[in-house]
Amino acid sequence: MCDARAARADAIIVVGAVKPHTDFSGPIESGVLKMTRSALGKAIGAARYHTEFARHGYEPIIREVAALMYDRLPVVAGLAIVEDTAAHACR
């Protein structure tokens, strides 16, 4: 599931904040992979993915969906903004 305008774009640059997740801890908590899944899938996609998290776990779904999107969409780059636990950009 992807936003139709993004799917038609010549190129996509994914931007995401990298920070500790508020609900759990794991190898992937936020960042470019998560934003690929969430932002490109919009609210409907994000809701569907959260349903699957409960069934299969967070990391497997993030990795699988991001890999599928990278395979099928013109994602050319990602920009990660590192934040601390108080959501301040690190300098």
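Now for a description of the structure that goes with this document. This structure is a prediction, so every number in the text was calculated from the model and none was measured. (Residues numbered from 1 in each chain as written. Predicted model: local features only at pLDDT ≥ 70, side-chain atom pairs only at ≥ 80, totals over all residues. Heavy atoms only, no water.)

A separate point is a nonpolar patch on the surface. A cluster of nonpolar side chains, namely Ile13, Val15, Val76, Leu79 and Ile81, defines an oily patch on the protein surface of about 450 Å² accessible area. Elements with a contribution of two residues or more to the nonpolar patch: strand S1 (12-18) and strand S2 (75-82). Looking at the secondary structure, you find Ile81 in strand S2. (Patch = residues over 30% accessible without salt bridge, like charges linked within 9 Å, V, L, I, M, F, W, Y side chains within 5 Å. Areas by Shrake-Rupley, 256 points an atom, 1.4 Å probe, with all protein chains shown as cover. Salt bridge = Lys/Arg side-chain N within 4 Å of Asp/Glu carboxyl O. Helix = DSSP H or I, 4+ residues; strand = E, 2+ residues; numbered from the N terminus.)

Another point: the environment of Arg5. On the secondary structure map, Arg5 appears in helix H1 (residues 4-8). For Arg5, a relative accessible area of 59% puts it in the exposed group. Distance in space between the C-alpha atoms of Arg5 and Leu40 is 9.5 Å, their sequence separation being 35 residues. (Buried < 20%, exposed > 50% of the residue type's maximum accessible area, 1.4 Å probe, protein only.)

Turning next to the nonpolar core. Ranked by size, the top nonpolar core spans 13 residues in total, and within it Ile12, Leu40, Phe53 and Met69 carry the most contacts. Contributing elements (two or more residues each) for this core: S1, helix H2 (32-56) and helix H3 (58-72). Top contributing element to this core by residue count: H3, with 5 residues. (Core = buried A, V, L, I, M, F, W, Y, C linked by side-chain atoms within 4.5 Å.)

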